[in-house]
Amino acid sequence: MQKYLARRAFYAVITLLGVSISIFIILRVLPGDPLVAILGVEGHARMTPADRVRIMADLGLSDPLPVQYARWLGDIATGRLGKSFFRGDTVAEQILHRGPISAEIAILSLIVSWLVGLPVGILSAFKPNSLPDGVARAMSVLFIAVPGFWLGMLIVLAMLFWFGYKAPILIVHLWQNPWENLQIVIGPGVVLGLAQGAYIARMSRSCLLEVISEDFVRTARAKGLKEGLVVMRHALPNALLPVITISGVLLGFVLGGSVAVEQAFGVPGLGRALVTAVIERDIIVVQNLVLLYAVIFVLVNVLVDLSYAWLDPRIRYS
Amino acid sequence: MTDHTSKSERPGTLDRRTFLKRAGAIGAGAVVASRLSAPGLAGAQDATFRPDPAAKKGGTLRYAVHNAPAHFDVHQSGTVANIGPQSPMYDTLLRRSPKDGQTIIPDLAQRWEISADGKKYTFYLRKGVKFHDGADFTAEDVKATYDRIRNPPKGVVIPRTPLFATVGEIVVIDPHKIEFRMTEPRPKAYMLGAFASGWNIIVRKKTLDDNQGNLRQVMNYPGTGPFRHVSRKDKEIWIMERNPDYWNKGLPSIDKLEIYHFLPFTPELGASILSGRVDYARLLDPVSWRKVKETQGMTAGVFNQSVIQAFWTNMQKNKALADPKVRRAIHLAMDRHTLVEVVKDTAPMQVGGFVYPFHEMSTPRPELEKKLGYQKDPKPAVQEAQKLMKEAGYGNGIKNLDFVVRDIPTFKLWAVAIQAMLKEHLNIECTLRVVQTSVWFDEAQAGNFDLAISAIVSTLMDPSDIFSAWYGKDGPQNYSRWTNPAFHDLASQIERETDDTRRKAMVRKAEDMLEMDPPLIPVSYEQIYDGWYNKVKGQNPSTYFGIYDVVRWDNAWLA
């Protein structure tokens, strides 16, 4: 197990180094001048070549690329992650302030996806081709197809025009005011969760359909066990493995989807910070947030792999 | 050079001529400002903004505006993201009256004089004014501020520098008197407008010295303004409190100012005001603004913005576009009323030509709408455009134009409409290339486009400011690389002409020249939509020009 962990950790570090190099190069190769955002349209237009040289040097952008990359790695090592080009605040501060909101949204969406997806999947699997199964399948396809940011906008507008309500506009952490915090995260959490839940419903349905035709399920029924017990004790645990795998993959989609959904709900989380940084071409912020997302994605996938051994005694890592 | 002050101060020489001269010189702003405040509230020569006697004291104003500046240096900025949240902490030498947004009134300069030859501006500064850190405000601070604006240090770029190009020397006479000596005169309205610009906040000399003249990353540098910094959360909120030592006694009325960050024209901004999360919202989208208008207990305000929406024709890259007939044809092929309609749910716009359509020197709107290119019926203009294309040798149209579009909803909507108008009316075919804002400016400055659509701003409404910045031979926003020696010569005369009547005639002539040889193709002029709850009193921007001059909130109070 330790050997396996060490190997996975090594691959994870290599993957993350690859991601960091890719994002570092891409951000510097892509067209677009961060000085437009810094100096504004008029200021940028009036900037002399000498001004440009001075400002680029101040921002550390005139150094050779290997030096800039090494400096970034140094910033990662110190935990500060570098400073925004613009207002001088460190990326670590941004992540500490906004990260908990985005993390809550991700966790909430995961919970919603399981709470909605699994029961729907079970119902569909045990009453295949029935009316409830048809409805469940149609709803699943609907929630997979509908873009989260669009649904988010509809919800925001409906709440506003019907109830004159809008969620709090500043970040309120769970430990500061749980009620206000819930109002901020519940919208994006549910919207993202419903989309994931649709995937989980479809995956759990197909896995269960496969498992319930197995001999051990037939044996359980033959023993006279109630259908609920057959499902919960025998069929479901054996059908969960692929569902857990897809949940890990879906977390990646949540991270990506949260960028647009946070924007639609006006939640000041990391997704929104990333959008703003991309618009401003604040490449220090962008590269660190993308790397953070990559770290989370790699970590979740390692945890999913490790959970297999725990869930299925037949699987052993050596 | 005539020093009006020294002559007029001789005792016993107050004849009719001297009196008239003095009346004209003491507070030239008072001349510009024929709308001086009523005697009684303030002296006839002291039009300083005074508190509304009916104003209630106290309360917190929650104001929503774009509040995520790329840096904190107001002088170096050109965006509401700075002036919106930071302005309440600072004062300027002169200011536009919050009552009408136009009249120039005293601010840190209690009064001022302009020499008869227009080459010397003398400002008498208030005594007893303190910066928020407790330091005294003196003429040295004014000198340091304006020396920096007119001649920025290396690595510092200030868009307003050209406004003070003719200031040769700034001389501190004593701690409360300062002279701006000009190399040549400029129209009074132009110069006073420059001194009253909300961008030109007065900062401490020591602050500039301590930071090598660059305040981009200095969040809280002391001002003398009505509010003091309390706290700030990036891209969320900036909180300020009433400055208890403010020199203008009785102001501000409100105790606390909370400035919330929202991007302009977003449904989120509209939702914040309609749900009552904020009291006042600036830069509303039209849909939210209309809802505010319909809502009882709320007010919807509209006023002109200092921005032209236009597209540029690259004269250096494309031979056809270098021909004035082709550019005029493109200009005439635009159905501007439809272009305004196209974006009516995205951003508020109005039809205009090459000079702000609401400026007193530009062609009045009824007259403008009789001209080709501005009529509600586009047919006569299109016929003329087709004729011009034939004369220029492009009767069969032009193909493969690269049309660079800023990735902003209004520009994307317009680009499609313009593409269709060009194809339908003139058989000009273009391919749209939508790019991020930063890329757009790279491409525009590098000349990598045939057509490019965007918006540009000016500091002043005065034509000389836009003739230099937008249409000047080396103007920073002359993306077409347009030159017209006759126009540049006329613009230079307009800049120097101090007689308003003659200047107006010259501006009209300049407009005619631009119509025939367009340096850009005007699409429309922006308006600003504000919305607020009726409990917010003392603030009505309906006659303001732009969102950069009257943004201090010392005038507001809560009922």
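On a predicted model such as this, the values are computed, not experimentally measured, just so you know.

1. Some remarks on the overall build of chain A
Item 1. Across its full length, chain A carries 12 helices and 0 strands.
Item 2. Starting at the N terminus and walking to the C terminus, you meet the elements of chain A as α-α-α-α-α-α-α-α-α-α-α-α.
Item 3. Along the first, second and third principal axes, the C-alpha set of chain A runs to 85 × 60 × 35 Å.
Item 4. Sequence separation of at least 24 residues holds for 73% of the intrachain contacts in chain A that already meet a minimum separation of 6.

2. Looking at the overall build of chain B
Item 1. On a plain count of helices and strands, chain B comes out with 19 helices and 19 strands.
Item 2. Its C-alpha atoms give chain B a radius of gyration of 24 Å, near enough to 24 Å, the size a compact globule of 559 residues would have.
Item 3. Dimensions along the principal axes, computed over C-alpha positions, put chain B at roughly 75 × 60 × 45 Å.
Item 4. Expressed as a percentage of the 559 residues in chain B, the buried residues total 55%.
Item 5. The contacts in chain B between residues at least 6 apart in sequence include a share of 69% that link residues at least 24 apart.

3. Digging into the packing of helix α5 (residues 91-126) of chain A against helix α12 (residues 283-311) of chain A
Residues and elements named next belong to chain A.
Item 1. Relative orientation of the contacting elements α5 and α12 amounts to 50 degrees, with a least axis distance of 10 Å. Of the possible angle classes, the one that applies to α5 and α12 is oblique. Considering only the axes of α5 and α12, their crossing is right-handed. On α12, the residues that touch Val91, Gln94 and Ile95 of α5 are Ile284, Val285, Asn288 and Leu292.

4. Some points on the pairing of strand β15 (residues 428-435) of chain B
Item 1. With 7 bridges joining them, strand β14 (residues 398-406) of chain B and β15 of chain B adopt parallel strand pairing. Looking at the pairing, Asp402 of chain B lines up with Thr431 of chain B of β15 of chain B.

5. Looking at the interface of chain B and chain A
Item 1. Each side of the interface is counted separately: chain B has 34 residues, and chain A has 40 residues.
Item 2. Among the secondary structure elements, those contributing two or more residues to the side of chain B that touches chain A are α8 (267-274), α16 (437-446) and β16 (451-457) of chain B.
Item 3. Here the residues of the side of chain B that touches chain A sort into 14 nonpolar, 13 polar and 7 charged.

6. Observations concerning α8 of chain B
Three or four residues apart is the spacing at which side chains of an α-helix point the same way, because the helix has 3.6 residues per turn.
Item 1. Most of α8 of chain B is tucked away, with 7 of its 8 residues classed as buried.
Item 2. All buried positions along α8 of chain B are accounted for by Glu268, Leu269, Gly270, Ala271, Ser272, Ile273 and Leu274 of chain B.

7. With respect to helix α6 (residues 131-145) of chain A
Item 1. Between its first and last C-alpha, α6 of chain A extends 21 Å over 15 residues, near the 21 Å set by a 1.5 Å rise per residue.
Item 2. Tucked inside the fold, the buried residues of α6 of chain A contact α5 and α8 (178-211) of chain A.

8. Describing the packing of α5 of chain A against α6 of chain A
Residue and element names in this part refer to chain A.
Item 1. Contact pair α5 / α6: the axes reach a minimum separation of 8 Å and the direction vectors enclose 140 degrees. Accordingly, the angle class assigned to the pair α5 and α6 is oblique. The element α5 and its partner α6 pack so that their crossing is left-handed. Listed contacts from α6 to Val120, Leu123 and Ser124 of α5 are Pro132, Asp133, Ala136 and Arg137.
Item 2. Among the residues forming the contact of α5 with α6, the class breakdown is 4 nonpolar, 1 polar and 2 charged.

9. With respect to the sheet that holds strand β7 (residues 177-182) of chain B
Residue and element names in this part refer to chain B.
Item 1. What the 4 strands build is an open sheet, ordered β4-β5-β7-β6; its pairing is antiparallel. Only two strands of the sheet have a single neighbouring strand rather than two, namely β4 (109-114) and β6 (167-174). Across the sheet, the mean angle separating the axes of adjacent strands is 20 degrees when strand polarity is ignored.
Item 2. The sheet contact formed by β6 and β7 spans 6 bridges and is antiparallel.

10. Topic: the environment of Val278 of chain A
Residues and elements named next belong to chain A.
Item 1. In this fold, Val278 is placed in helix α11 (residues 270-280).
Item 2. On the neighbour-count criterion, Val278 (18 C-beta atoms within 10 Å) is partly exposed.
Item 3. It is 9.7 Å that separates the C-alpha atoms of Val278 and Leu27, two residues lying 251 residues apart in sequence.

11. Some thoughts on the environment of Lys293 of chain B
Item 1. Checked against the element boundaries, Lys293 of chain B lands in helix α9 (residues 286-294).
Item 2. For the pair Lys293 of chain B and Gly531 of chain B, spaced 238 residues apart in the sequence, the C-alpha separation amounts to 7.9 Å.

12. Quick look at the nonpolar core
Item 1. By size, the foremost hydrophobic cluster in this structure holds 243 residues, and its most contacted members are Ala64, Phe311, Ala333 and Ala452 of chain B.
Item 2. Broken down by element, this core gets its largest block of residues, 16 residues, from helix α10 (residues 227-265) of chain A.
Item 3. Ignoring any residue separated from it by four or fewer positions in sequence, one finds Ala64 of chain B in contact with Tyr260, Phe262, Leu269, Ser272, Ile273, Val278, Tyr280, Ala281 and Arg282 of chain B.

13. Observations concerning the pairing of strand β12 (residues 298-313) of chain B
Where a strand is regular, its side chains alternate between the two sheet faces.
Residues and elements named next belong to chain B.
Item 1. Note: β12 against strand β17 (residues 521-533), 11 bridges, orientation antiparallel. Pairing of Phe311 across the sheet is with Ile521, part of β17.
Item 2. Looking at chain direction, β12 and β16 are connected through 7 bridges and run antiparallel. Bridging from a neighbouring strand, Ile308 pairs with Ile456 of β16.

14. Some points on the environment of Pro357 of chain B
Residues and elements named next belong to chain B.
Item 1. Locating Pro357 in the fold gives a position in the loop between β13 (349-350) and α13 (365-368).
Item 2. When the C-alpha atoms of Pro357 and Asn67 are compared, they prove to be 29 Å apart, with 290 residues separating the residues in sequence.
Item 3. If near-sequence neighbours (up to four positions away) are discounted, Pro357 is found in contact with Gln350, Gly352, Ser362, Arg365, Leu368 and Tyr525.

15. A few points about the confidence of the model for chain B
Item 1. Averaged over all residues, the pLDDT of chain B is 90; the fraction at 70 or higher stands at 92%.
Item 2. Reported confidences for the modelled complex are a pTM of 0.84 and an ipTM of 0.79.

16. Things to note about unusual backbone geometry
Residues and elements named next belong to chain B.
Item 1. The linkage connecting Leu251 with the following residue, Pro252, adopts the cis geometry, with an omega of -10 degrees.
Item 2. Here Pro252 shows up in the loop between β9 (237-242) and β10 (256-261).
Item 3. A positive phi angle, close to 50 degrees, is found at Gln212, a residue other than glycine.
Item 4. Relative to the helices and strands, Gln212 resides in the loop between α7 (205-210) and β8 (227-233).
Item 5. With phi around 65 degrees, Trp553 is a residue other than glycine that occupies positive phi space.

Calculation notes
Residues numbered from 1 in each chain as written. Chains lettered and ligands numbered in written order. Predicted model: local features only at pLDDT ≥ 70, side-chain atom pairs only at ≥ 80, totals over all residues. Helix = DSSP H or I, 4+ residues; strand = E, 2+ residues; numbered from the N terminus. Contact = placed C-beta atoms within 7 Å. Rg over C-alpha atoms; globule rule 2.2 N^0.38 Å. Buried ≥ 20, exposed ≤ 12 C-beta atoms within 10 Å, placed from the backbone. Axes fitted to C-alpha atoms, helices over the stretch in contact; angles between N-to-C directions. Parallel < 35°, antiparallel > 145°, perpendicular 65-115°, else oblique. Left-handed = near helix turned anticlockwise from the far one by under 90°. Pairing = 2+ DSSP bridges. Nonpolar A, V, L, I, M, F, W, Y, C, P; charged D, E, K, R; others polar. Expected span 1.5 Å × (residues − 1). Core = buried A, V, L, I, M, F, W, Y, C linked by C-beta atoms within 7 Å. pLDDT = per-residue confidence, 0-100.

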